[in-house]
Amino acid sequence: MTSPAEVVVIGAGQSGLSAVRALQAHGISHVVLEAGPEPAGSWPNYYDSLALFSPARYSAMPGPGFPGEPDHYPHRDEVVAYLRRYAARLGADIRTSTPVTAVKADGQAGFVVHTASGQSFRAAGVVAATGSFGNPYWPVLPGQDRFAGRLLHVAGYRSPHQYAGERVVVVGGGNSAVQVGHELAQVATVTLATRHPVTFHPQCRGGQDLHYWLEASGFDLLPPEWLSHYLGDRWVVDTGKYRHALESGLMDRRPMFSAFGTDHVVWPDGTPEKVDTVVFATGYRPHLEYLRGLGALTNGLHQHAGGISTTHPGLAYVGIEFQRSYASNTLRGVHRDAEHVIPPLTAHVRNAPAAVGL
């Protein structure tokens, strides 16, 4: 059992690094435990062609700007390199290849964090900053267990080459579904299967990128309680090429199929169609299984108010989608959530209740 720091940060992607920056500003000692081989979170594991939907000028964390031409859309590998450099500048104690398996309550110090290597870390506070990529959401449909074709989640997709000549159905109507579907349509016959028509939103408006308006209007700061009134169905950010791909027949969109057969899907009108591969681009859920034994989850979900645990004093979250605002889990916005949760965590670590006689 080691106690190298007052706070353990779980995850060294953009969320964990934002938490480190805020902890350093408050003088709180910390150690960061990262499951992957480098401090870049889940970014190295995304599909090969992934590019940000935000230009470089709107894709930076506090400090030096994102490298390159400000209006270019950074590639996945550019983000990995950026986070690697950001971590180096912070100079934090980051333990890579150290996945966390469980967090347990400890009567003396607050928490004991257990890792896959058998190491344990005692700390007064814990910041859960593991995002959601490690917990892809898989819908379950009738006959799915008998389907002999290829089933994968977009989390496991890398490039289109191995699907050349296939009949592919991509399930989902969000950015990842449409981007991957469009890429696959260059080499395969592709259908997007969605419950609602795809909603496109222009990448540029009034001569400015969408992200200019998100920042300038304050939309990035809108709270989750209000966002549902504005967003409705998820949009697909589009320069026009994705809409054109659907309208031109490069790929098509159909209502979600109702079931699987052994080598086919069944469309809502009862028509079976043989398919080779089904890709679920159906989103993710917070990756927090290591908190289950602590009792911090209800039906698999964390209980929090703006990132502050409502079940365990000393536990905080950073990097949850819509945690406090539209931009909560983005490169440009996650620092605001870290700066929100670290002051109360600091007060807890320094035993503020005792200082006032409680």
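Our subject in this report is the structure included herewith. Since the structure is predicted, the reported quantities are computational estimates derived from the model, not experimental observations. (Residues numbered from 1 in each chain as written. Predicted model: local features only at pLDDT ≥ 70, side-chain atom pairs only at ≥ 80, totals over all residues. Heavy atoms only, no water.)

Notes on the overall build of the protein
Operational definition: Runs of E in the DSSP output that reach at least two residues are strands. Runs of H or I that reach at least four are helices, and both are numbered from the N terminus. Note that the radius of gyration is over C-alpha atoms, with the globule rule given as 2.2 Å times the number of residues to the power 0.38. Partly exposed residues are those whose accessible area sits between 20% and 50% of the maximum for their type, while under 20% is buried and over 50% is exposed, using a 1.4 Å probe and protein chains only. When checking whether two residues touch, look at their non-hydrogen atoms; a contact exists if any pair is within 4.5 Å.
For the protein, the count of helices and strands is 8 helices and 24 strands. What you see for the protein is a C-alpha radius of gyration of 22 Å, in line with the 21 Å of a compact globule of 358 residues. Looking at the protein as a whole, 49% of its 358 residues are labelled buried. Excluding contacts between residues fewer than 6 apart, the proportion of contacts in the protein whose partners are at least 24 apart in sequence is 63%.

With respect to the pairing of strand E9 (residues 167-171)
Side-chain direction in a regular strand flips from residue to residue, so the side chains alternate between the two faces of the sheet. Worth spelling out the cut-off: In this scheme, strands are said to pair when DSSP sees at least two bridges between them. Convention used here: a crossover is right-handed provided that the path from the first strand, over the helix, to the second strand proceeds clockwise when the strands point away from the viewer.
For E9, a buried count of 5 out of 5 residues is recorded, marking the element as mostly surrounded by other parts of the structure. Every second residue of E9 is oriented toward a common face, with Arg167, Val169 and Val171 on one face and Val168 and Val170 on the other, all of them buried. Across 5 bridges, the pairing between E9 and strand E10 (residues 189-194) is parallel. Each bridged residue has a counterpart across the sheet, and for Val168 the counterpart in E10 is Val190. Handedness of the E9-helix H3 (residues 175-184)-E10 crossover: right-handed. Note: E9 against strand E19 (residues 277-280), 4 bridges, orientation parallel. Across the sheet, Val169 pairs through a bridge with Val278, a residue of E19.

What to know about helix H7 (residues 334-349)
Heads up, the condition is: By this rule the span expected of a helix is its residue count minus one, scaled by 1.5 Å. To obtain the bend at a residue, axes are fitted to the seven residues ending there and to the seven starting there, and the angle between these axes is taken.
Under the 1.5 Å per step criterion, the end-to-end length of H7 is 22 Å for 16 residues, consistent within 8% with the ideal 22 Å. For H7, the principal kink sits at Ile342 and spans about 25 degrees; a proline, Pro343, occurs within the next four residues. Here H7 has its buried residues at Val334, His335, Asp337, Ala338, Val341, Ile342, Leu345, Thr346 and Val349. Contacts from the buried residues of H7 go to strand E1 (7-10), helix H1 (14-25), strand E7 (125-128), strand E23 (308-309) and strand E24 (315-317). Of the residues flanking the end of H7, it is Asn351, one or two places downstream, whose phi is positive at about 60 degrees.

A look at the nonpolar core
The test is simple: As used in this record, nonpolar core signifies buried Ala, Val, Leu, Ile, Met, Phe, Trp, Tyr and Cys residues forming a set joined through side-chain atoms within 4.5 Å.
Val127, Val170 and Leu184 are the most contacted members of the largest nonpolar core, which totals 61 residues. Secondary-structure elements contributing two or more residues to this core are E1, H1, helix H2 (76-90), E9, H3, E10, helix H6 (241-248) and H7. Among the elements that make up this core, the one with the highest residue count is H2 (7 residues). Sequence-distant contacts of Leu184, that is, excluding residues within four places in its chain, are made with Tyr157, Pro160, Tyr163, Val168, Val170, Val190 and Val279. By size, the runner-up hydrophobic cluster in this structure holds 22 residues, among which are Ala5, Val113, Ala123 and Val126.

A word on the sheet that holds strand E8 (residues 150-153)
Spelled out, the test is: Between N-to-C directions, angles cover 0 to 180 degrees, with each direction set by a line fitted to C-alpha atoms, over the stretch in contact for helices.
The 5 strands are arranged E8-E19-E9-E10-E15 in an open sheet whose pairing can be described as parallel. Two strands bound the open sheet, and with one partner strand each, they are E8 and strand E15 (252-255). Shown here is a sheet whose adjacent strand axes are inclined to one another by a mean of 25 degrees, direction ignored. Judged from the 4 bridges that link them, E10 and E15 form a sheet pairing that is parallel. Counted as the bridge partner of Thr191 is Asp252 from E15.

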